[in-house]
Amino acid sequence: MTENKQALPGHETQSSEMNCPSCGRFVGAVSKCPYCGAKVEKRMSLVATRWAAVLLATIGLFLLWLMAVKRDVPVVRLSDVQPTMNFAQIRVEGTVKTDARPFRTGTGMSFNFTDGTGSIIVFVSKKQMDAMTEQNLIPKAGDQVSFIGGLNVSDDQLSMRLLSVKDFRLTRAVAESVRLGDITEALKGTSVTLAGKVTRLEPPPEGSNRPYALHIRDDSGEQVVNFWQSEYEQIENPDALPGAFVRLRVSVATYQKQLQLKLGSARDLEILDGPPAAPAPVLSPAQKAAETYRKTTPPVSRDFSRGRASDAPALAPADITADRKGHTVRVRGRVTSVTPPKAGTKQPFAVMLRDGDASLRVTYWSSTDEFIADKPVPGAVFEMEGVVDVYRDRPQLMVESGYKVRQIEAAPAPAEAPAPVAVSAITAADKGQIRTVEGTLGAPRDLGKGTAYTLTDESGSLDLVLWHSTVPAEVRDALAEGQTVAATGVIGEYENQLQLKANPGESVRPLR
Amino acid sequence: MSAFWIVLLSVCAGTVLSSVLACLPGLHVYNVMGAMVLGILALEGGTHAIPPDVYLPAMTGMIVGWSMLNTIPAVLLGTPDESAMFTVLPGQKYLMAGRGFEGTMITAVGGLAGAFFLVCVMAPLAPRYLPVSQQVLKGHMHWVLWVIITFMLMSEWPKGGNRGPAGWAKFFDAWKTLIAGLITFLLAGLLGFILLTRSPVGHEVAFQNIMPAFVGLFAIPWCLLNMISAANVPPQRTAKSLAINGDVILRSVWSGGLGGGIAAYFPIVTGGVGGMLAGHATAQRDERIFIMGQGVSKFIYYVGAFMLLFVPGLNLTRGGGAWMIKTLYTPLGWADYYLVLGSIAVASGIAFLMMEPLTKLTLKFIDRFNYRHVSTVALAIIIFMVVAVTGWIGLFIAVVATGIGLLPVLFGSRRLNCLGILLLPIACNMSGFGETITGWLRLT
């Protein structure tokens, strides 16, 4: 045993085991002196405490784990969610409000969910999305779901993050069996079951972003079902499709004012051995129930505007000046253009709001866009709340919450396009006038912020210009070289050449 | 009353309240703020609802006051929080040499220097550069976290094994503390997976579900250890001057600002980890720089992280304070930013002025009362807080966490390893395989 050394000055009052027996310095609870390395004998209490700590940690952790595994996650109604439940793991049960949509960034997807007392946006990671795709669990509007998620509650946002695909229970909504000829706009937003014979499978043109088109026919008529390359690759025997009888479940939507039937998963397509039995045209109880569901008024969403003393002041775009930099304001105006970020960049979305002669640029990040329920489209009236900033010496509004972007008035239905005219009939006198031209597209040319095609008909050709800020990506992506289209726009002139500047929205429509 | 006076009074009240509370060993400001959030939410919608103009500056003052005055129990009573790293040993050396007053005041000067650095240097630059850096870095956070974890685990050095004959005994002697550190990190990580995936804490108070674990990992072990092996504090002297100069202050701001900045900006990284990284990066060896740098680091870590929520164009949620405010209020624009910066500046001044009288008061207190009894009272307060907010289940979690938190204290490894509770599960989640591990643990 080491002989206890005289304690250093100032350390005399310590008990012997607090000081190093070799150098006399204070060492506290450690068993080896950090100064000279000598072993410091401790009384039994500390040694016992060490092993008690190890025992406590391991046994306690094991018990906690058992408790966590055996414990049922509580089912919570969304109307009962309080801010103190932030980070809580809860189970919710209800109906999917919107089809799950993948993020532009490819990092996952989201869908809106309601339990009848409130609604919430649910985020799904990419890994979970892949697993759900494999198990045919991608939620679609109307599906009944029950799942566990982690709550994220902030001042004005309520969201959930799916915890595990294993706990995700999904009951598909009853899909009405309908005849192809009975599909109308009344079915928009629902899922239906179709059956018929495949007359043609039309793959997308080389290099285009268009979907596959599956033409099917029954006694009542013919329809086209669209699906993407990813679904095509999942179909077990796609070569057998032409001429085969099939049954499939599709969602009904509209695209460019026309009905569109979308196949969400290859598992929703079944190749039959023979002709299917025709569905009865009368409404079944399930159909009636589905009809009732469609008429149900959506529940009023919860007010998450707590904590704010008053609403931000409402101003017109003309009132937004650089002097207001840093102020939080609400601005209402008609959307004249929407510019999404370029692929592969971290640019914000840019929306132009116009009221009278004044216009204002509004920006927000992709993360904010994910929370916007009704996306801004040209022609619609929107109210947006954000912070005034100055960009290139001009005031702009920076929106920081998707919940602060509200649609006040939907975009009006586009005015009837004028009757098509021949290219040769368009002269300089038509500048500023709206014209419709039918013709064949030439090779696309990138203009930076837009795309130009040479539009040729039997009488001549002129340039068709589609600006990205006004013509939606879905419209632009559906176009390809050699396609015959009807294009409506304003006649303009650039470098002494007349050109047709496509109108905002769905102004260019493929004809065949 | 005009908004100016409402804000000024609120920030003063918040600072004074937290300065006094900071002297209570083991009580974390976030526990008190959590209770306040519950109260504000309860009053919401009624005639006595508390407006943001009152609670925002008050809570800013609380964080500022606590981050500066928490040094008092950390140095004089040996109850550091998760951000402390080097303070304790050099601070205790000051205490055992009868210079505890000087130790706390040097740390307070560090806090004041941190306030100047934050308000005068960081605040003007943050809105311009931090949103850009966030856009660049946010896709890389997962591997940054893994690098930090790797560095934290690998930079712990063997504390024995350099004497005696070669063999397993010598090997074990060398590796004892390292193994204890690794076990601590893994056990804390497992606890983190359980709490973040299937927390037994009631969902009604889920925003505090990590609190019992943090109390158990950091506060309770110190109280217990003090009760078991309390040292007698020698008579303390007060001083009219401090053994520091401009050079020491600047070097402290450099090392502490870097450490605190890393901790404030990167998710899950605390002041202790940031301080460790900055300590290696700046290699400052002066004991005074260690102590003062910790003052700077702690201030930047707590207050800077809170400030990030209000930076226009950034609005980054870092630290418990910001998360709690976010449940009440969404900061918008420059007005809120100026409000918070002004509150930080005013609160820093008040907190520093309160440092000297409260340190002297605490010294008188520990001179009069037994150190063990003080620790016992502190432990009782902590347990009461845990039970009051999270119930008996929270206490059970705190007990389990205490077992883990005692390991580094008793085996001589780094207490930073306890931060595995957040570092391990969050790093796994950010890397995309968290769910696989929770699946192995049958938690999902």
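Residues numbered from 1 in each chain as written. Chains lettered and ligands numbered in written order. Predicted model: local features only at pLDDT ≥ 70, side-chain atom pairs only at ≥ 80, totals over all residues.

1. Quick word on the overall build of chain B
Along chain B, the regular secondary structure elements total 17 helices and zero strands. Looking at the 444 residues of chain B, the share that counts as buried comes to 59%. Relative to all contacts within chain B whose residues are 6 or more apart in sequence, the contacts with residues 24 or more apart total 81%. (Helix = DSSP H or I, 4+ residues; strand = E, 2+ residues; numbered from the N terminus. Buried ≥ 20, exposed ≤ 12 C-beta atoms within 10 Å, placed from the backbone. Contact = placed C-beta atoms within 7 Å.)

2. Description of the interface of chain B and chain A
On the side of chain A, 58 residues touch chain B, which itself brings 64 residues to the contact. Those elements giving two or more residues to the side of chain B that touches chain A turn out to be helix H2 (29–43), helix H3 (52–69), helix H8 (168–198), helix H9 (211–229), helix H13 (319–328), helix H14 (333–368) and helix H15 (371–411) of chain B. Here the element with the most residues in the side of chain B that touches chain A is H15(B); it accounts for eleven residues.

3. Points about the packing of helix H10 (residues 246–265) of chain B against helix H11 (residues 271–282) of chain B
All names here are of chain B. Contact geometry of H10 with H11 gives a least axis separation of 7 Å together with a crossing angle of 135°. In terms of orientation, H10 lies oblique with respect to H11. The handedness of the crossing between H10 and H11 is right-handed. Residues Trp254, Ser255, Leu258, Gly259, Gly260, Ile262 and Ala263 of H10 lie in contact with H11, whose contacting residues are Gly271, Val273, Gly274, Gly275, Leu277, Ala278, Gly279, Ala281 and Thr282. (Axes fitted to C-alpha atoms, helices over the stretch in contact; angles between N-to-C directions. Parallel < 35°, antiparallel > 145°, perpendicular 65-115°, else oblique. Left-handed = near helix turned anticlockwise from the far one by under 90°.)

4. Some thoughts on the confidence of the model for chain A
Residues at a pLDDT of 70 or more form 85% of chain A, whose mean pLDDT is 79. Confidence drops under a pLDDT of 50 for residues 282–286 of chain A, and excluding neighbours within four residues, the segment shows three contacts in the predicted structure. (pLDDT = per-residue confidence, 0-100.)

5. Let's talk about the confidence of the model for chain B
Residues and elements named next belong to chain B. Per-residue confidence for chain B gives a mean pLDDT of 84, with 95% of residues at or over 70. When pLDDT is averaged over each helix and strand of chain B, the minimum, 70, is found for helix H5 (residues 88–96) and the maximum, 92, for H3. In the predicted complex, the global pTM is 0.66; the interface-specific ipTM is 0.74.

6. Some points on the pairing of strand S5 (residues 144–153) of chain A
A regular strand places its side chains on the two faces of the sheet in alternate fashion. Residue and element names in this part refer to chain A. Relative to S5, strand S1 (residues 89–96) runs antiparallel, the two being bridged by seven bridges. By the bridge assignment for S5, Val92 is matched with Phe147. The pairing of S5 with strand S7 (residues 169–171) spans three bridges and is classified as antiparallel. Pairing of Val145 across the sheet is with Leu170, part of S7. Both S5 and strand S6 (residues 158–162) contribute to a ladder of five bridges, which runs antiparallel. When the bridges of S6 are listed, Asn152 appears paired with Ser159. (Pairing = 2+ DSSP bridges.)

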